[in-house]
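Residues per chain are reported as follows:
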Amino acid sequence: MLKLCGFHVSNYHNKVRLALLEKGIPFEEDAACRPSQKPEYLAKSPMGKVPYLLVNDEILRESHVICEYLEDAYPQPPLLPKDPLERARVRELIVFMELHMELVVRRLYGGLFFGRPFSDETKAEVEREIAKGVRAFQAVAKFAPFVAGSALTLADCAAFVHLPIVSMSTRLAFGRDYLDDVAPLKPYLRMLGERPAFARVNEDRKAAQAAAQAAAKK
Ligand SMILES: N[C@@H](CCC(=O)N[C@@H](CS)C(=O)NCC(=O)O)C(=O)O
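Computed from a prediction, not measured in an experiment: that's the story for all the values here.

Colleague: Help me out: how do you make sense of the overall build of the protein in this one?
Modeller: For the protein, the count of helices and strands is 8 helices and 4 strands. In terms of overall dimensions, the protein is globule-like: its C-alpha atoms have a radius of gyration of 17 Å, near the 17 Å expected for 218 residues. Principal-axis analysis of the C-alpha atoms places the extent of the protein at approximately 45 × 45 × 30 Å. The burial tally for the protein puts 33% of its 218 residues in the buried class.

As structure tokens, then:
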């Protein structure tokens, strides 16, 4: 049995969980697993990050790699199109969202959420880079009704976890949601949120966030 290790507030953990649930793959979960630089943790996850996936005696890291493994090992129902160019388009969308959007605004998280202020220079760089990321995303996103076209794909799993945090971060840092210009986005995210797998991941994320906030107040 596969075992996914991470926690329910992690975007990357939740993206893999969405793929597992949408594919109907049986799995166990260790949702109490936290990033760490301790040697015993690094032995399992050499970057010290979550998530990782236990596959028998093997361990896979990196959420996108894990999702691609799931697609290869459990092809039905598919979360990637058959056509090579369409598959590439899904991956292109994922790179735009993860590398050029989420990872860009991530540079602000310390200041926005953890009381470790960022410099004006960082803020200006993020503002420049996120505009490029949003432009790239808009050039490719279809919303027809899914982000890559008529079928649910791994790009939807990525969009659901990454785009709301891009909205929140740009609103907090720059006073404007940089995704407001992407008109179909909010109805699209609402539509995804009605799918049982996405609703479950969202509910679990909210519960984990509430529990973390309550613990921090103690
Ligand atoms: N590229 C990694 C990113 C995973 C990641 O950054 N996870 C965060 C939690 S959301 C983490 O472990 N952060 C701790 C750290 O970077 O040391 C993936 O796709 O799995």
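Now that the structure has been shown, the text picks up again.
Colleague: Would you mind showing me how to read the packing of helix H6 (residues 154–174) against helix H7 (residues 185–193) here?
Modeller: Geometry of a packed helix pair, given as the angle between the helix axes and the separation of the axes. At a closest axis distance of 11 Å, the pairing of H6 and H7 adopts a crossing angle of 120 degrees. Relative to H7, H6 is oriented oblique. Where H6 crosses over H7, the handedness of that crossing is left-handed. Judged by residue contacts, Asp-156, Phe-160, Leu-163 and Pro-164 of H6 engage Leu-185, Leu-189 and Leu-192 from H7. Grouping the constituent residues of the contact of H6 with H7 by class yields 6 nonpolar, no polar and 1 charged.

Colleague: Would you take a moment to explain the site of the ligand for this structure?
Modeller: Near the ligand, the surroundings consist of Ser-10, Asn-11, Tyr-12, Pro-35, Gly-48, Lys-49, Val-50, Glu-62, Ser-63 and His-64. Looking at the shell around the ligand, the elements that each hand over two or more residues are helix H1 (11–23) and helix H3 (63–73). Tallied by class, residues from the shell around the ligand come to 3 nonpolar, 5 polar and 2 charged.

Colleague: Even after reading the chapter, I still don't get the environment of Lys-3, so can you show me in this structure?
Modeller: You can see Lys-3 is positioned in strand S1 (residues 2–5). Remark: the alpha-carbon pair of Lys-3 and Leu-53, spanning 50 residues in sequence, is separated by 5.7 Å. Excluding residues within four positions of it along the chain, Lys-3 makes contact with Phe-27, Glu-28, Glu-29, Asp-30 and Leu-54.

Colleague: Hey, could you run me through the domain arrangement of the protein in this one?
Modeller: Accessible area lost upon the coming together of the parts is a frequently used measure of interface size. Entries for the protein in the domain assignment read domain 1 (2–73) and domain 2 (84–217). The C-alpha-based centres of domain 1 and domain 2 are spaced at 20 Å. Facing 13 residues of domain 1, the contacting portion of domain 2 comprises 19 residues. Sorting the residues of the side of domain 1 that touches domain 2 by element identifies H1 and H3 as the ones contributing at least two each. Take the side of domain 1 that touches domain 2: its biggest share by element is 8 residues, from H1.

Colleague: Even after reading the chapter, I still don't get the packing of helix H4 (residues 84–113) against H6, so can you show me in this structure?
Modeller: The geometry of H4 relative to H6 is characterised by a closest axis approach of 9 Å and an angle of 35 degrees between their N-to-C directions. The way H4 lies across H6 gives a crossing that is left-handed. Residues Val-90, Leu-93, Ile-94, Met-97, Glu-98, Met-101, Glu-102, Val-105, Leu-108 and Leu-112 of H4 form the contact with H6, whose participating residues are Leu-154, Ala-155, Ala-158, Ala-159, His-162, Leu-163, Ile-165, Val-166, Ser-169, Thr-170, Leu-172 and Ala-173. Among the residues forming the contact of H4 with H6, the class breakdown is 17 nonpolar, 3 polar and 2 charged.

Colleague: What am I meant to see in unusual backbone geometry here?
Modeller: Among all residues save glycine, negative phi is the norm, and among peptide bonds the norm is trans. Val-50 connects to Pro-51 through a cis peptide bond whose omega is 0 degrees. In this structure, Pro-51 sits in the loop between helix H2 (39–42) and strand S3 (52–55). Residues Ala-144 and Pro-145 are joined by a peptide bond in cis, for which omega reads -5 degrees. Even without glycine at this site, Asn-56 takes up a positive phi of about 55 degrees. By the secondary structure assignment, Asn-56 is in the loop between S3 and strand S4 (58–61). Taking the number of C-beta atoms within 10 Å as the measure of exposure, Asn-56 has 8 and is therefore exposed. The phi angle at Phe-143 is positive, at roughly 50 degrees, despite the residue not being glycine. Checked against the element boundaries, Phe-143 lands in the loop between helix H5 (120–140) and H6. In this structure Phe-143 comes out as partly exposed when scored by C-beta crowding, with 16 C-beta atoms within 10 Å.

Reading the values: rules and limits
Note on numbering: residues in each chain are counted from 1, in written sequence order. With the structure being a predicted model, the display of local features is reserved for residues of pLDDT at least 70 and the display and counting of side-chain atom pairs for 80 or more, all residues being used for whole-chain, interface and lining totals. The helix count covers DSSP runs of H or I at least four residues long, the strand count covers runs of E at least two residues long, and both are numbered beginning at the N terminus. Note on method: radius of gyration uses C-alpha positions; expected globular size equals 2.2 Å times residues raised to 0.38. Burial is judged by counting other C-beta atoms within 10 Å of a residue's own C-beta: 20 or more means buried, 12 or fewer means exposed, and anything between counts as partly exposed, with every C-beta placed from the backbone. Note on method: axes are straight lines fitted to C-alpha atoms, helices fitted across the in-contact stretch only, with angles between N-to-C directions ranging 0 to 180 degrees. Note that the term roughly parallel is reserved for angles under 35 degrees, roughly antiparallel for angles over 145, roughly perpendicular for angles of 65 to 115, and oblique for everything else. Should the near helix be turned counterclockwise from the far one by less than a right angle, the crossing is left-handed, whereas a clockwise turn marks it as right-handed. Remark: residues whose backbone-derived C-beta atoms lie within 7 Å of one another are considered to be in contact. Ten residues, namely Ala, Val, Leu, Ile, Met, Phe, Trp, Tyr, Cys and Pro, are considered nonpolar, four, namely Asp, Glu, Lys and Arg, are considered charged, and the remaining ones, Gly among them, are considered polar. Each residue gets a C-beta atom placed from its backbone. If that atom is within 6 Å of a molecule or strand, the residue is near it. Domain start and stop positions are those given by an automatic or database domain assignment.

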